[in-house]
Amino acid sequence: MKFAPLSILFLALISLVHAQQSGKKAFAFRGNVQQVDARAKRLTVATEPIEGWMGAMTMGFAVDKEDVFARVKAGDQITATVYDGDFTLYGVQVVPQAQAVASSRPANTAGLRLEDLEQMALANNPTVAQAQANLSVAAGLAKQAGLYPNPTVGYYGDEIRGGVIGGGKQGGFLSQTIVTGGKLRAARRVAQLEANAVETSGQLQRVRVLTNVRALFYRVLAVQRLVEVRQNLAKLAADAAQTSRQLGNVGQADRPDILQAEVEQQQANMSLRIAQQILESSWRILTVVMGKSGLPLARLEGNLEEVPDLGFDESVATTLRESPEVKLAQQTVDRAEASLVQARKAPIPDLQLTGILTQNYEPLDTTRMPTGLMGGAQIGVQLPIFDRNQGNIAAARGEIESAKQELVRVKLEVERNLAAIFRDYDSARVTVRQYKAEMLPRAEQAYNMYRTNYQKMSAAYPQVLISQRTLFQFEADYVQALETAWQNALLIRGFGLMDGLSAPMNPSTTGSQLGSSGYGGSRASGAPVQ
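Throughout what follows, the structure given in this document is the object of discussion. (Residues numbered from 1 in each chain as written. Predicted model: local features only at pLDDT ≥ 70, side-chain atom pairs only at ≥ 80, totals over all residues. Heavy atoms only, no water.)

Here we look at helix 5 (residues 126-144)
Argument step 1. With 19 residues, helix 5 extends 27 Å between its outermost C-alpha atoms, agreeing within 8% with the 27 Å of an ideal straight helix rising 1.5 Å per residue.
Argument step 2. Looking at helix 5, one finds that the buried residues are T127, V128, A131, N134, L135, A138, A139 and A142. All buried residues of helix 5 lie within an arc of 145 degrees about the axis, which places them on one face of the element. Of the exposed residues in helix 5, those oriented more than 90 degrees away from the buried face are A129, S136 and K143.
Argument step 3. Where the residues of helix 5 are buried, they touch helix 4 (114-124) and helix 6 (183-249).
Argument step 4. Positive phi appears at G146, one or two residues downstream of helix 5, with a value of about 85 degrees. (Helix = DSSP H or I, 4+ residues; strand = E, 2+ residues; numbered from the N terminus. Expected span 1.5 Å × (residues − 1). Buried < 20%, exposed > 50% of the residue type's maximum accessible area, 1.4 Å probe, protein only. Arc of directions from axis to C-beta. Contact = heavy atoms within 4.5 Å.)

Below, the structure is given as structure tokens:
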């Protein structure tokens, strides 16, 4: 019974906290997880608009339970409860993939949107999870680097002998290396820069995956439209062949005209089958990149006509400023400079301290009793006379120069690649505009005129077939130009990064052995010297 007051007080405190929380206005929260940081205990979430509180944005949130970090991964769609002014997620739940896709799609939309496929890719592409795992490895190496060396403890014996006289010394020692010169700090700096590079590599991989998925989305969208064009052409060709045979029956069409119409029908059917096979193949490639191999063919919803309007100078400036590839090259320079600092600190001698405590059994001359406890100490340094780490220092200087030139090379390569991509992009845009504004309207007009004239018996039927074939070929070429424009626009926006299944950068093992001794200098054996 003596614990009853404490229990009542505890329950009262819980009720008070709950009452304060419940006094705030609650909101339903929904968003897509961008990053999981278990160390900082935060989720970075791209939120949907929260009516009455805040609009859509990407920001970090705390969570009410730590098990969330074991259940949630980047790319997951989550729901939770938030309270006015409190950026903590309560009752976080992961939305099942099928439900997430269905709920994010408008009710009147029958097909999958680009956003749906991006969510699937971020949740299922193995390289995204691999990049996250690599970041955990790099963080662990950064934590290990720069740890202080462990002390050494051991047995010590000297002049050990037996017999009737006895004597000798037996005891123990404790040895510790005192690291000097800021070597631990330099080792931590290098390891942290390596972790930063792995993090940038994860960003680079994310761009690769999303750009690859987007490019394949618009390829499937274009082939999907091409199939529709081919289906219309096949239907018209079948009607034309049937009309030709009917005209032949009444003497209004010659045998060559009938054969020509049947050949046109067979060619249209073959083109349709090829387009359908290309659609199936493109869809398979898309599902593999998303990490959802075997997903049944589904219709995509998107606007193929709205090709982004991009400028070369602005795109170059944006790429040089934001490209993960350029950032990696810059981080390599920073890491090389930090390695030079570390190499210069390595020859600074560390202090080697050893304390010894022994029991001396040597009998005293006066009393013939054992001498008793004796202590000793050693302090030493390793003199950097021959090895002053001069070779590693020279190598580090060379690495800095190489890294700087690599940064210049990467920037020039980016600009060169963008110039080539813009060449194809601009050509495709010109083709799209020409087909849309000039060629397609004229081809359609010519086809309608020939068909009308034929119905009035003032034009030959082969002319109708030729104009029909020209119109549909123009439509196919127009779709191809749209796809080419989209592919190059997405490459430009994705900084030229594409392959969504290429392996992300692994944490470098160079210098990671620092963690075995805890710093970048030499290590003493820990044994005392007599």
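What to know about the pattern of salt bridges
Argument step 1. For the coordinates displayed, the defined rule picks out 23 salt bridges.
Argument step 2. A salt bridge links R299 to E228; the shortest N-O distance between them is 2.9 Å. In this pair, R299 is assigned in the loop between helix 7 (255-290) and helix 8 (312-322) and E228 in helix 6, connecting sequence segments 71 residues apart.
Argument step 3. By relative accessible area, which is 43% here, R299 ends up partly exposed.
Argument step 4. The shortest N-O distance in the salt bridge between D309 and R429 comes to 3.6 Å. Pair noted here: D309 is in the loop between helix 7 and helix 8 and R429 is in helix 10 (residues 390-455), with a separation of 120 residues, a long-range link.
Argument step 5. Each of E406, R409, E413 and R416 takes part in salt bridges that share partners, so that together they form one network. (Salt bridge = Lys/Arg side-chain N within 4 Å of Asp/Glu carboxyl O.)

Considerations on helix 6
Argument step 1. For helix 6, spanning 67 residues, the distance from its first C-alpha to its last is 98 Å, which sits close to the expected 99 Å at 1.5 Å a residue.
Argument step 2. One or two steps after helix 6, the chain reaches G251, where phi turns positive at roughly 80 degrees.

Remarks on the environment of Y454
Argument step 1. Along the polypeptide, Y454 turns up in helix 10.
Argument step 2. Taking the C-alpha atoms as reference points, Y454 and V464, ten residues apart in sequence, are found 7.4 Å from one another.
Argument step 3. The residues touching Y454, leaving out its near neighbours within four places in the chain, are L247, A459, A460, Y461 and V464.

Observations concerning the packing of helix 7 against helix 11 (residues 461-493)
Argument step 1. It is the contact of helix 7 with helix 11, at a shortest axis distance of 10 Å, that shows an interaxial angle of 15 degrees. One way to sum up the angle between helix 7 and helix 11 is to call them roughly parallel. In the crossing of helix 7 with helix 11, the sense of the turn from one axis to the other is left-handed. Contact residues: D257, Q260, A261 and E264 in helix 7; P462, L465 and R469 in helix 11. (Axes fitted to C-alpha atoms, helices over the stretch in contact; angles between N-to-C directions. Parallel < 35°, antiparallel > 145°, perpendicular 65-115°, else oblique. Left-handed = near helix turned anticlockwise from the far one by under 90°.)

Some thoughts on the packing of aromatic side chains
Given two aromatic rings, their pairing is described by the distance between the two centres and the angle made by the two planes.
Argument step 1. With the rule as written, the count across this model stands at seven aromatic pairs.
Argument step 2. A centroid spacing of 5.3 Å and a plane angle of 80 degrees characterise the contact between Y83 and Y90, whose relative ring orientation is edge-to-face.
Argument step 3. One aromatic cluster is present, built from ring pairs that chain together F217, Y218 and W486. (Phe/Tyr/Trp six-rings, centres within 6.5 Å; stacked < 30°, edge-to-face > 60°.)

Side note on a nonpolar patch on the surface
Argument step 1. Residues L351, L353, I379, V381, L383, I385 and F386 make up a contiguous nonpolar surface patch of about 730 Å² in total accessible area.
Argument step 2. Considering the arrangement of structural elements, one finds I385 in the loop between strand 9 (370-381) and helix 10. (Patch = residues over 30% accessible without salt bridge, like charges linked within 9 Å, V, L, I, M, F, W, Y side chains within 5 Å. Areas by Shrake-Rupley, 256 points an atom, 1.4 Å probe, with all protein chains shown as cover.)

A word on the packing of helix 10 against helix 11
Argument step 1. Between helix 10 and helix 11, the shortest axis-to-axis distance is 7 Å and the interhelical angle comes to 160 degrees. In this view, helix 10 runs roughly antiparallel relative to helix 11, as classed from their interaxial angle. Helix 10 and helix 11 meet at a crossing whose hand is left-handed.
Argument step 2. Taken together, the residues of the contact of helix 10 with helix 11 sort by class into 25 nonpolar, six polar and seven charged. (Nonpolar A, V, L, I, M, F, W, Y, C, P; charged D, E, K, R; others polar.)

Looking at unusual backbone geometry
Argument step 1. Despite not being glycine, N389 shows a phi value in the positive range, around 60 degrees.
Argument step 2. One can find N389 in the loop between strand 9 and helix 10.

Digging into the pairing of strand 1 (residues 26-37)
On a regular strand, each side chain points to the face opposite its neighbour's, so the side chains alternate between the two faces of the sheet.
Argument step 1. As judged from the seven bridges shared by strand 1 and strand 4 (residues 77-83), these two strands associate in the antiparallel manner. Residue pairing across strands places A26 opposite Y83, the latter belonging to strand 4.
Argument step 2. As defined by bridge partners, strand 1 adjoins strand 2 (residues 42-47) across six bridges and the pair is classed as antiparallel. In the sheet register, V36 faces strand 2, and the bridge partner there is L43.
Argument step 3. Between strand 1 and strand 2, which follow one another and run antiparallel, lie four residues, and K41 among them has a positive phi close to 55 degrees. (Pairing = 2+ DSSP bridges.)

A word on the sheet that holds strand 9
Pairing between sheet strands relies on hydrogen bonds along the backbone, with the strands arranged either parallel or antiparallel.
Argument step 1. Sheet architecture is open: four strands sit in the order 6-7-8-9, paired in antiparallel fashion. The two strands at the open ends of the sheet, each matched to only one other strand, are strand 6 (152-158) and strand 9. Adjacent strand axes in the sheet meet at a mean angle of 20 degrees, parallel and antiparallel pairs treated alike.
Argument step 2. Bridging between strand 6 and strand 7 (residues 169-178) involves seven bridges; their strand directions are antiparallel. Its bridge partner being in strand 7, Y155 is matched across the sheet by G172.

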